[in-house]
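Here are the chains, one letter per residue:
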Amino acid sequence: MAPPAHVDDYYDILNISNTAAAGEVIAIYRRLVKIRHPDKKRGSTDAFQQLGKAYEILKDPVERRAYDSVWPGIRDRLRTQHQSDLRQAEAAEAETRREAEARAKNKEEDEARRSRGAEARAKDLENAGRQKVLQSWRVSKARYDKDISDLHQHTTLLEKDLNQLEDQDNEDSRIEHDAN
(Lines give C-alpha, C1' and ligand atoms only; values in the text may rest on other atoms or scores of the structure.)
Protein backbone atom coordinates (compact mmCIF):
# COMPACT_ATOMS: atom_id res chain seq x y z
CA MET A 1 0.00 0.00 0.00
CA ALA A 2 1.38 3.38 -1.03
CA PRO A 3 1.83 6.10 1.59
CA PRO A 4 -0.85 8.81 1.52
CA ALA A 5 -0.16 11.70 -0.81
CA HIS A 6 0.26 14.89 1.17
CA VAL A 7 -1.06 18.02 -0.49
CA ASP A 8 -1.15 20.51 2.40
CA ASP A 9 1.66 22.38 4.10
CA TYR A 10 1.16 21.07 7.63
CA TYR A 11 3.76 23.44 9.04
CA ASP A 12 1.82 26.36 7.61
CA ILE A 13 -1.48 25.01 8.95
CA LEU A 14 0.02 24.87 12.46
CA ASN A 15 1.89 28.16 11.95
CA ILE A 16 5.18 26.63 12.98
CA SER A 17 8.63 26.26 11.48
CA ASN A 18 9.74 22.91 10.09
CA THR A 19 12.37 22.86 12.86
CA ALA A 20 9.79 23.09 15.69
CA ALA A 21 10.26 20.57 18.49
CA ALA A 22 7.58 17.96 19.28
CA GLY A 23 6.59 19.84 22.45
CA GLU A 24 6.10 23.00 20.43
CA VAL A 25 3.90 21.11 17.93
CA ILE A 26 1.69 19.87 20.77
CA ALA A 27 1.44 23.28 22.45
CA ILE A 28 0.56 25.09 19.23
CA TYR A 29 -1.96 22.40 18.29
CA ARG A 30 -3.74 22.70 21.64
CA ARG A 31 -3.90 26.48 21.31
CA LEU A 32 -5.22 26.35 17.74
CA VAL A 33 -7.81 23.68 18.54
CA LYS A 34 -9.46 26.15 20.91
CA ILE A 35 -9.56 28.82 18.19
CA ARG A 36 -10.49 26.74 15.14
CA HIS A 37 -13.06 24.42 16.72
CA PRO A 38 -16.24 24.43 14.58
CA ASP A 39 -18.30 25.51 17.59
CA LYS A 40 -16.22 28.68 17.97
CA LYS A 41 -17.02 31.93 16.19
CA ARG A 42 -13.93 31.82 13.93
CA GLY A 43 -13.89 28.04 13.61
CA SER A 44 -14.81 25.88 10.64
CA THR A 45 -15.05 22.15 10.13
CA ASP A 46 -12.57 22.13 7.25
CA ALA A 47 -9.95 24.16 9.14
CA PHE A 48 -10.43 21.97 12.21
CA GLN A 49 -10.00 18.77 10.19
CA GLN A 50 -6.88 20.13 8.47
CA LEU A 51 -5.49 21.06 11.88
CA GLY A 52 -6.10 17.52 13.17
CA LYS A 53 -4.50 15.95 10.11
CA ALA A 54 -1.44 18.21 10.38
CA TYR A 55 -1.09 17.39 14.07
CA GLU A 56 -1.39 13.63 13.48
CA ILE A 57 1.43 13.72 10.93
CA LEU A 58 3.78 16.12 12.74
CA LYS A 59 3.46 14.64 16.24
CA ASP A 60 4.62 11.20 15.10
CA PRO A 61 8.41 11.22 14.46
CA VAL A 62 8.25 8.51 11.77
CA GLU A 63 5.41 10.14 9.85
CA ARG A 64 7.02 13.54 10.27
CA ARG A 65 10.29 12.33 8.74
CA ALA A 66 8.35 10.87 5.80
CA TYR A 67 6.42 14.13 5.41
CA ASP A 68 9.63 16.19 5.69
CA SER A 69 11.02 14.33 2.68
CA VAL A 70 8.17 15.64 0.45
CA TRP A 71 7.51 18.94 2.22
CA PRO A 72 9.80 21.17 0.09
CA GLY A 73 7.88 20.19 -3.04
CA ILE A 74 4.55 20.85 -1.33
CA ARG A 75 5.74 24.22 -0.06
CA ASP A 76 7.02 25.25 -3.49
CA ARG A 77 3.83 24.09 -5.26
CA LEU A 78 1.61 26.00 -2.80
CA ARG A 79 3.76 29.14 -3.16
CA THR A 80 3.51 28.95 -6.93
CA GLN A 81 -0.24 28.40 -6.70
CA HIS A 82 -0.62 31.34 -4.31
CA GLN A 83 1.40 33.61 -6.61
CA SER A 84 -0.72 32.52 -9.56
CA ASP A 85 -3.91 33.24 -7.58
CA LEU A 86 -2.58 36.70 -6.71
CA ARG A 87 -1.76 37.42 -10.36
CA GLN A 88 -5.24 36.30 -11.42
CA ALA A 89 -6.86 38.49 -8.75
CA GLU A 90 -4.75 41.46 -9.83
CA ALA A 91 -5.67 40.86 -13.48
CA ALA A 92 -9.37 40.63 -12.60
CA GLU A 93 -9.10 43.83 -10.58
CA ALA A 94 -7.34 45.60 -13.45
CA GLU A 95 -10.00 44.39 -15.89
CA THR A 96 -12.75 45.67 -13.58
CA ARG A 97 -11.02 49.03 -13.42
CA ARG A 98 -10.64 49.16 -17.21
CA GLU A 99 -14.32 48.35 -17.63
CA ALA A 100 -15.30 51.04 -15.13
CA GLU A 101 -13.07 53.57 -16.90
CA ALA A 102 -14.55 52.62 -20.28
CA ARG A 103 -18.07 53.04 -18.91
CA ALA A 104 -17.12 56.42 -17.46
CA LYS A 105 -15.62 57.50 -20.80
CA ASN A 106 -18.73 56.32 -22.66
CA LYS A 107 -20.88 58.18 -20.18
CA GLU A 108 -18.90 61.38 -20.77
CA GLU A 109 -19.18 60.94 -24.53
CA ASP A 110 -22.91 60.33 -24.22
CA GLU A 111 -23.30 63.43 -22.09
CA ALA A 112 -21.31 65.49 -24.63
CA ARG A 113 -23.43 64.10 -27.47
CA ARG A 114 -26.58 64.88 -25.53
CA SER A 115 -25.29 68.35 -24.82
CA ARG A 116 -24.68 68.96 -28.53
CA GLY A 117 -28.16 67.63 -29.24
CA ALA A 118 -29.63 69.98 -26.64
CA GLU A 119 -27.92 72.94 -28.29
CA ALA A 120 -29.36 71.98 -31.69
CA ARG A 121 -32.83 71.66 -30.17
CA ALA A 122 -32.47 75.13 -28.64
CA LYS A 123 -31.91 76.59 -32.12
CA ASP A 124 -34.97 74.74 -33.37
CA LEU A 125 -36.98 76.44 -30.66
CA GLU A 126 -36.17 79.78 -32.23
CA ASN A 127 -37.22 78.66 -35.73
CA ALA A 128 -40.36 76.59 -35.30
CA GLY A 129 -43.24 75.90 -32.95
CA ARG A 130 -41.53 76.89 -29.73
CA GLN A 131 -43.91 75.07 -27.38
CA LYS A 132 -43.90 71.80 -29.38
CA VAL A 133 -40.11 71.62 -29.55
CA LEU A 134 -39.76 72.65 -25.94
CA GLN A 135 -42.07 69.83 -24.84
CA SER A 136 -40.09 67.36 -26.96
CA TRP A 137 -36.87 68.58 -25.39
CA ARG A 138 -38.26 68.10 -21.89
CA VAL A 139 -39.29 64.53 -22.66
CA SER A 140 -35.84 63.80 -24.12
CA LYS A 141 -34.13 65.45 -21.18
CA ALA A 142 -36.10 63.31 -18.72
CA ARG A 143 -35.15 60.19 -20.66
CA TYR A 144 -31.48 61.24 -20.76
CA ASP A 145 -31.51 62.11 -17.07
CA LYS A 146 -32.84 58.62 -16.35
CA ASP A 147 -30.10 57.09 -18.54
CA ILE A 148 -27.47 59.13 -16.73
CA SER A 149 -28.90 58.09 -13.37
CA ASP A 150 -28.87 54.43 -14.43
CA LEU A 151 -25.25 54.72 -15.60
CA HIS A 152 -24.30 56.40 -12.33
CA GLN A 153 -25.95 53.61 -10.32
CA HIS A 154 -24.18 50.98 -12.40
CA THR A 155 -20.83 52.72 -11.93
CA THR A 156 -21.48 52.94 -8.19
CA LEU A 157 -22.20 49.19 -8.04
CA LEU A 158 -19.00 48.45 -9.95
CA GLU A 159 -17.01 50.65 -7.58
CA LYS A 160 -18.62 48.86 -4.63
CA ASP A 161 -17.71 45.47 -6.14
CA LEU A 162 -14.16 46.70 -6.69
CA ASN A 163 -13.93 47.91 -3.08
CA GLN A 164 -15.25 44.56 -1.85
CA LEU A 165 -12.62 42.73 -3.89
CA GLU A 166 -9.92 45.00 -2.48
CA ASP A 167 -11.28 44.53 1.07
CA GLN A 168 -11.39 40.76 0.56
CA ASP A 169 -7.84 40.78 -0.78
CA ASN A 170 -6.71 42.90 2.19
CA GLU A 171 -8.50 40.54 4.61
CA ASP A 172 -6.93 37.50 2.93
CA SER A 173 -3.53 39.17 3.17
CA ARG A 174 -4.16 40.04 6.81
CA ILE A 175 -5.25 36.46 7.61
CA GLU A 176 -2.23 35.10 5.77
CA HIS A 177 0.03 37.55 7.61
CA ASP A 178 -1.55 36.63 10.94
CA ALA A 179 -1.19 32.95 10.11
CA ASN A 180 2.51 33.39 9.47
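Scoring rules and cut-offs
Residues numbered from 1 in each chain as written. Predicted model: local features only at pLDDT ≥ 70, side-chain atom pairs only at ≥ 80, totals over all residues. Heavy atoms only, no water. Axes fitted to C-alpha atoms, helices over the stretch in contact; angles between N-to-C directions. Helix = DSSP H or I, 4+ residues; strand = E, 2+ residues; numbered from the N terminus. Parallel < 35°, antiparallel > 145°, perpendicular 65-115°, else oblique. Contact = heavy atoms within 4.5 Å. Nonpolar A, V, L, I, M, F, W, Y, C, P; charged D, E, K, R; others polar. Core = buried A, V, L, I, M, F, W, Y, C linked by side-chain atoms within 4.5 Å. Buried < 20%, exposed > 50% of the residue type's maximum accessible area, 1.4 Å probe, protein only. Expected span 1.5 Å × (residues − 1). Arc of directions from axis to C-beta. Phe/Tyr/Trp six-rings, centres within 6.5 Å; stacked < 30°, edge-to-face > 60°.

1. As for the packing of helix α2 (residues 22-36) against helix α3 (residues 45-59)
Reasoning step 1: Closest axis-to-axis distance for the α2/α3 pair is 10 Å, and the angle between their directions is 170°. Taken together, the axes of α2 and α3 lie roughly antiparallel to each other. Residue-level contacts link Val 25, Ile 26, Tyr 29, Leu 32, Val 33 and Arg 36 of α2 to Ala 47, Phe 48, Leu 51, Gly 52, Tyr 55, Leu 58 and Lys 59 of α3.
Reasoning step 2: Within the contact of α2 with α3, the residues separate by chemical class into ten nonpolar, one polar and two charged.

2. Some points on the nonpolar core
Reasoning step 1: Within the largest apolar cluster, 19 residues are counted, with the highest numbers of intra-cluster contacts made by Tyr 10, Leu 14, Ile 16, Val 25, Leu 51, Leu 58 and Tyr 67.
Reasoning step 2: When residues of this core are traced back to their parent elements, those giving at least two are α1 (10-14), α2, α3 and α4 (61-127).
Reasoning step 3: Beyond its immediate chain neighbours, meaning those up to four positions away, Leu 51 contacts Ile 13, Leu 14, Tyr 29, Leu 32, Val 33 and Arg 36.

3. Some details on α2
Reasoning step 1: Here α2 spans 21 Å end to end across 15 residues, near enough to the 21 Å set by a 1.5 Å rise per residue.
Reasoning step 2: Among all positions in α2, only Val 25, Ile 28, Tyr 29, Leu 32, Val 33 and Arg 36 are buried. With its buried residues spanning 140° around the axis, α2 presents them on a single face. Exposed positions of α2 whose direction lies more than 90 degrees from the buried face are Arg 30 and Lys 34.

4. Focus: the packing of aromatic side chains
What characterises a pair of aromatic rings is the spacing of the ring centres plus the angle enclosed by the ring planes.
Reasoning step 1: Under the defined criterion, the tally for this structure stands at three aromatic pairs.
Reasoning step 2: Between Tyr 29 and Tyr 55, the ring centres sit 3.8 Å apart and the planes meet at 10°, which makes this aromatic pair stacked. Remark: Tyr 55 occurs in helix α3 and Tyr 29 occurs in helix α2; sequence separation between them is 26 residues. Both residues of the pair, Tyr 29 and Tyr 55, count as buried.
Reasoning step 3: Put simply, the rings of Tyr 10, Tyr 11 and Tyr 67 touch in pairs and so form one group of aromatic residues.

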